[in-house]
Amino acid sequence: MILNDYPWLSQPYQQLASGIINKRSHHALLINYVQGSGENKFISKLANRLLCQCSQQLEPCLSCHSCQLFLAHHHPDYSVITNGQDKQSIGIDQIRNIASRVYEKSQQGGNKVIWIKHAALMTEAAANALLKTLEEPPQNTYFILSDEHNSQLLPTIHSRCFSYFLTLPKLEQSIEWLKKQHYQQYSDNELASALLLSENAPLKATALLAPEKWQQRKEFCDHLLEVVPQNNYWQLAKTFNYEDVIERIIWFCALLSDALKAKQKVGRFIVNRDQVPLIRLLATKSNEKLSALYDLWLQARNQLLTVTGLNKELIVYNVLAQSELISETKN
Ligand SMILES: [Zn+2]
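The structure displayed is predicted, hence computed values, not measured ones. (Residues numbered from 1 in each chain as written. Predicted model: local features only at pLDDT ≥ 70, side-chain atom pairs only at ≥ 80, totals over all residues. Heavy atoms only, no water.)

**Student:** Explain the overall build of the protein here, please?
**Tutor:** From N to C terminus, the protein includes 14 helices and five strands. Projected onto its principal axes, the C-alpha coordinates of the protein cover approximately 75 × 40 × 30 Å. Across the 331 residues in the protein, those meeting the buried criterion constitute 47%. Pairs at least 24 residues apart make up 72% of the contacts formed inside the protein by residues separated by at least 6 positions. Counting every atom, the protein has about 17,100 Å² of accessible surface; 50% of that belongs to carbon and sulfur. Side-chain charges in the protein split into 33 positive and 31 negative, and the spacing between the mean points of these groups amounts to 5 Å. (Helix = DSSP H or I, 4+ residues; strand = E, 2+ residues; numbered from the N terminus. Buried < 20%, exposed > 50% of the residue type's maximum accessible area, 1.4 Å probe, protein only. Contact = heavy atoms within 4.5 Å. Areas by Shrake-Rupley, 256 points an atom, 1.4 Å probe, with all protein chains shown as cover. Lys, Arg positive; Asp, Glu negative; His and termini not counted. Charge placed at Lys NZ, Arg CZ, Asp CG, Glu CD.)

**Student:** I'm lost on the coordination of the zinc ion in this one. Help?
**Tutor:** Octahedral metals with six donors have ideal donor angles of 90 or 180 degrees. Tetrahedral metals with four donors have an ideal donor angle of 109.5 degrees. Every protein donor of the zinc ion is accounted for by Cys 52 (SG), Cys 61 (SG), Cys 64 (SG) and Cys 67 (SG), and the metal-donor separations fall at 2.3 to 2.4 Å. Angles of 104 to 117 degrees at the metal separate the four donor atoms of the zinc ion, which places the site in the tetrahedral class. Sequence spacing of the donor residues for the zinc ion, all on one chain, is C-x8-C-x2-C-x2-C. (Donors = N, O, S within 2.8 Å, 3.2 Å for Na, K, Ca; no water. Tetrahedral: all angles 85-135°; square planar, octahedral: opposite > 155°, others 65-115°.)

**Student:** How should I be thinking about the packing of helix H4 (residues 92-99) against helix H5 (residues 124-135) in this particular structure?
**Tutor:** Relative placement of two packed helices is described by the angle separating their axes and the distance separating the axes. One way to put it is that H4 packs onto H5 with a least axis distance of 8 Å and a crossing angle of 15 degrees. Classified by the interaxial angle, the pair formed by H4 and H5 is roughly parallel. For the crossing formed where H4 meets H5, the hand is left-handed. Within the contact between the two elements, H4 uses Ile 92, Ile 95 and Ala 99 and H5 uses Ala 125, Ala 126, Ala 129, Leu 130 and Thr 133. Of the residues contributing to the contact of H4 with H5, the split by class is seven nonpolar, one polar and no charged. (Axes fitted to C-alpha atoms, helices over the stretch in contact; angles between N-to-C directions. Parallel < 35°, antiparallel > 145°, perpendicular 65-115°, else oblique. Left-handed = near helix turned anticlockwise from the far one by under 90°. Nonpolar A, V, L, I, M, F, W, Y, C, P; charged D, E, K, R; others polar.)

**Student:** Looking at this structure, I do not really get the pairing of strand E1 (residues 28-33). What am I missing?
**Tutor:** Looking along a regular strand, one sees side chains alternate from face to face of the sheet. Burial of E1 is extensive: six of the six residues sit out of reach of the surface. In E1, alternate side chains face the same way, and those of Ala 28, Leu 30 and Asn 32 on one face and Leu 29, Ile 31 and Tyr 33 on the other are all buried. Sheet topology note: the E1/strand E4 (residues 141-148) ladder contains six bridges and is parallel. Bridging from a neighbouring strand, Leu 29 pairs with Ile 144 of E4. (Pairing = 2+ DSSP bridges.)

**Student:** What am I meant to see in the nonpolar core here?
**Tutor:** Note on soluble globular proteins: their nonpolar side chains tend to be buried together. With 76 residues, the main nonpolar core has Phe 42 and Trp 297 as its most contacted residues. Residue contributions to this core reach at least three from each of two domains, namely domain 1 (7-165) and domain 2 (210-328). When sequence neighbours within four positions are dropped, the list of residues in contact with Trp 297 reads Leu 236, Phe 240, Ile 249, Phe 252, Cys 253, Val 319, Leu 320 and Ser 323. (Core = buried A, V, L, I, M, F, W, Y, C linked by side-chain atoms within 4.5 Å. Domains from an automatic or database assignment.)

**Student:** Just checking my understanding: could you explain the layout of surface pockets for this structure?
**Tutor:** Think of a ball as big as a water molecule: rolled over the atoms, this probe shows where empty space is left. Approximately 930 Å³ is the volume found for the largest pocket. Around the largest pocket, the lining comprises 26 residues; the ones closest to its centre are Leu 197, Glu 199, Lys 204, Ile 250 and Arg 301. Counting residues per element, the ones that place at least two in the lining of the largest pocket are helix H9 (202-208), helix H11 (245-263) and helix H13 (287-306). Among the elements that line the lining of the largest pocket, the one with the most residues is H11, at nine residues. Its residues assigned to classes, the lining of the largest pocket shows 13 nonpolar, five polar and eight charged. Each of domain 1 (7-165) and domain 2 (210-328) gives at least three residues to the lining of the largest pocket. Of the pockets and cavities examined, the second largest pocket occupies roughly 360 Å³. (1 Å grid on protein atoms, 1.4 Å probe; cavity = no way out; pocket = protein on both sides within 12 Å on 5 of 7 lines; lining within 4 Å. Points joined across faces, edges and corners; volume = space filled by probe spheres on them.)

**Student:** Looking at this structure, I do not really get helix H1 (residues 10-21). What am I missing?
**Tutor:** For an α-helix the count is 3.6 residues per turn, leaving residues at separations of three or four pointing the same way. End to end, H1 covers 16 Å across twelve residues, agreeing with the expected 16 Å (1.5 Å per residue, within 8%). Considered for burial, the residues of H1 that qualify are Pro 12, Tyr 13, Leu 16, Ala 17, Gly 19 and Ile 20. The buried side chains of H1 occupy one side of the element, clustering within an arc of 145 degrees when seen end-on. Of the residues trailing H1, Lys 23 is marked for its positive phi of about 55 degrees. (Expected span 1.5 Å × (residues − 1). Arc of directions from axis to C-beta.)

**Student:** Any chance you could explain H13 here in plain terms?
**Tutor:** Here H13 spans 28 Å end to end across 20 residues, near enough to the 28 Å set by a 1.5 Å rise per residue. Residues of H13 that are buried include every one of Lys 289, Leu 290, Leu 293, Leu 296, Trp 297, Ala 300 and Leu 304, and no others. Mapping the buried residues of H13 onto a view down its axis gives an arc of 130 degrees, with all of them on the same face. When the buried face of H13 is taken as reference, the exposed residues oriented beyond 90 degrees from it are Glu 288, Gln 299, Leu 305 and Thr 306.

**Student:** Whenever I open this one, the packing of aromatic side chains confuses me. Can you help?
**Tutor:** Think of a pair of aromatic rings as described by two things: how far the centres are apart, and how the planes are tilted against each other in angle. All chains considered together, the criterion is met by 13 aromatic pairs. Relative to Phe 240, the ring of Phe 220 has its centre 6.0 Å away and its plane inclined at 90 degrees; by these criteria the two rings are edge-to-face. Residue Phe 220 is found in helix H10 (residues 211-230), and its partner Phe 240 is found in the loop between H10 and H11; the two are separated by 20 residues along the sequence. Three or more aromatic residues joined by ring pairs make a cluster, and in this case those are Phe 220, Tyr 233, Phe 240, Tyr 242, Trp 251, Phe 252 and Trp 297. The ring of Tyr 13 has Lys 45 lying over it, and the distance from NZ or CZ to the ring centre is 4.3 Å. (Phe/Tyr/Trp six-rings, centres within 6.5 Å; stacked < 30°, edge-to-face > 60°. Lys NZ or Arg CZ within 6 Å of the ring centre and 35° of its normal.)

The structure is reproduced here in structure tokens:
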């Protein structure tokens, strides 16, 4: 089965699927996840199980008419709602469109399933329209709402749902899993670093471990080893790829935070486990300087995330110049 690829999802799946078998499933399920933990396949399989009309087991049968329609992406009683391309929100029309149909009989005679992906992107009007439907749940209809664990969903919607946090594997389990996915060329410390930089979400880590991306991180760290002792941050500019500027900033913040941990002798919490020499080098700076650098870079990240139309290059130059000033001062 599909989830065999993601062994950490098997227990959560069993838990929710046994609710379906015992007809104890809540009509509105809210799944919170860390992006890259296999959330889409997980939810898709749950939807498949809810729509299957044959299976008495945890797994959908995959052969009944309903399963076949689902697998062919043609199930008339299954809808996925999400923000459209280039759209930052899920609008009221999308919800109204569904709400008008859920009170009708299902076309295949089984359950109806509506998956609202990135549910926190619903506008307030859309959320209120959904709320009405959730308050008067139509028969045999299941809503699955999903979003990242730190997203801001309206509390009124939240209170109408059964919340479920999709578990992440333990670090060691993720490392073993990555090794089985052809990442054997990386050391355990590298795999751990990629995972910890990715909130331990295995699929997110694979993006960072893509050879080109991993090489970019390595070059960035190697450059830091050169520029930090000379206090020549300006030289870092050439390692900035302005498409991924926020990522570079996050890498540096994680290194600074590791240096602070090293100074406080809590090295076991270090994220960049493959960059110990660099962390030691950064840890020769005072706590004040490290904190000031961290604040400066974090502020730049927040600016870039929240203000649109900023000149990324200018922001980076400013941050690099200020980093040199901070490092020059006494203490
Ligand atoms: Zn089936």
